[in-house]
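# Observations on the three-dimensional arrangement
Each chain is listed here by its residues.
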Amino acid sequence: MPKIYLGLGSNIGNREEHISNAIEFIKNISGILFLRCSSFYETAPWGKEDQNSFINCVTEISSEIEPEKLFQIIKDIETKCERQKRIKWSEREIDIDILFYGDMIYDCNDIIIPHKDIRDRNFVLIPMKELEPGFIHPVFKKTISEILSETGDKLACKKINFNDK
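These remarks concern the structure in this document. For every chain, the first residue of the written sequence is number 1, and numbering continues from 1 along that sequence. For a predicted model such as this one, the threshold for reporting local features is a pLDDT of at least 70, and the threshold for listing and counting side-chain atom pairs is 80 or more; totals across whole chains, interfaces and linings nevertheless cover every residue. As a convention, hydrogens and water are excluded, and side-chain values are obtained from all of the structure's heavy atoms.

### Details of unusual backbone geometry
With an omega of 0°, the peptide bond between Ile113 and Pro114 qualifies as cis. Among the secondary structure elements, Pro114 is positioned in the loop between strand E7 (111-113) and helix H3 (122-131). One non-glycine residue, Asp110, lies in the positive phi region at around 65°. With respect to the helices and strands, the residue Asp110 is situated in the loop between strand E6 (106-108) and E7. Numbering of helices and strands runs from the N terminus; a helix is a DSSP stretch of H or I covering at least four residues, while a strand is a stretch of E covering at least two.

Structure representation (structure tokens):
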């Protein structure tokens, strides 16, 4: 079964709880093997700066669920986690993106895999590097570590130590 990487983020309400709840839903999806999760990172907002910082992480799962069905399952999880519809790049209770689906390149029905903005987002690259620094991006043919070293994203992305809270 291919390894699939999901990016999760939240910047409204109890951010850690929103992400933890989404992870629990992901763990309980029939046909998915939950492998691991990166640390949580506090990150500056991307795209629309006048909002709260995000908590982000990346999870690694394994599944043979087709991308379109997986996408719908993820959207259902966002609904269960009380995500509200807002304008693009605004606050969100939870956001879950399919970052990679093995080495698949997929572009159909508004689903693009690998996620098209990965190389410009530290909040994806840093937790992804924590999990799999040698993962080779199927389009760019570079490792996550190489892409991170070349990114133009200079926004803060700091690992959270929950013992400090």
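### Brief notes about the pattern of salt bridges
Between Lys or Arg on one side and Asp or Glu on the other, a salt bridge is scored when a side-chain nitrogen of the former is within 4 Å of a carboxyl oxygen of the latter. Counted under the stated rule, the structure contains ten salt bridges. Arg36 serves as the salt-bridge partner of Glu132, at 2.8 Å between the closest nitrogen and oxygen. Remark: Arg36 occurs in strand E2 (residues 32-37) and Glu132 occurs in the loop between H3 and helix H4 (144-150); sequence separation between them is 96 residues. The class for Arg36 is partly exposed, based on a relative accessible area of 31%. Asp117 is paired through a salt bridge with Arg121; the nearest N and O atoms lie 3.2 Å apart. The class for Asp117 is buried, based on a relative accessible area of 18%. The buried label applies to any residue whose accessible area, calculated with a 1.4 Å probe on protein chains only, is under 20% of its type's maximum; exposed applies above 50%, and partly exposed to all values in between.

### Some thoughts on the nonpolar core
Counting 27 residues, the largest nonpolar core has Leu6, Leu8, Ile19, Leu70, Ile77 and Ile96 as its most contacted members. Secondary structure elements with two or more residues in this core: strand E1 (3-10), helix H1 (15-27), strand E4 (54-63), helix H2 (67-80), strand E5 (95-101) and E7. Every residue pair with non-hydrogen atoms within 4.5 Å of one another is taken to be in contact. Apart from the residues lying within four places of it in its own chain, the contact partners of Ile77 are Ala22, Phe25, Ile26, Ile29 and Ile96. Core analysis: the second largest hydrophobic core is formed by 14 residues, Leu99, Val124, Leu131 and Ile147 among them. What we call a nonpolar core is a set of buried Ala, Val, Leu, Ile, Met, Phe, Trp, Tyr and Cys residues that are connected through their side-chain atoms within 4.5 Å.

### Here's the deal with the packing of aromatic side chains
By convention, a stacked pair of Phe, Tyr or Trp rings (six-membered ring in the case of Trp) has centres within 6.5 Å and planes under 30 degrees apart, an edge-to-face pair has planes over 60 apart, and any other such pair is tilted. With the rule as written, the count across this model stands at three aromatic pairs. Ring centres of Tyr5 and Phe100 lie 6.5 Å apart, and the angle between their planes is 85°; this geometry places the pair in the edge-to-face category. A residue pair is termed long-range when its members are at least 10 positions apart, and Tyr5 in strand E1 and Phe100 in strand E5 qualify at 95 residues. With respect to burial, Tyr5 and Phe100 carry one shared label: buried.

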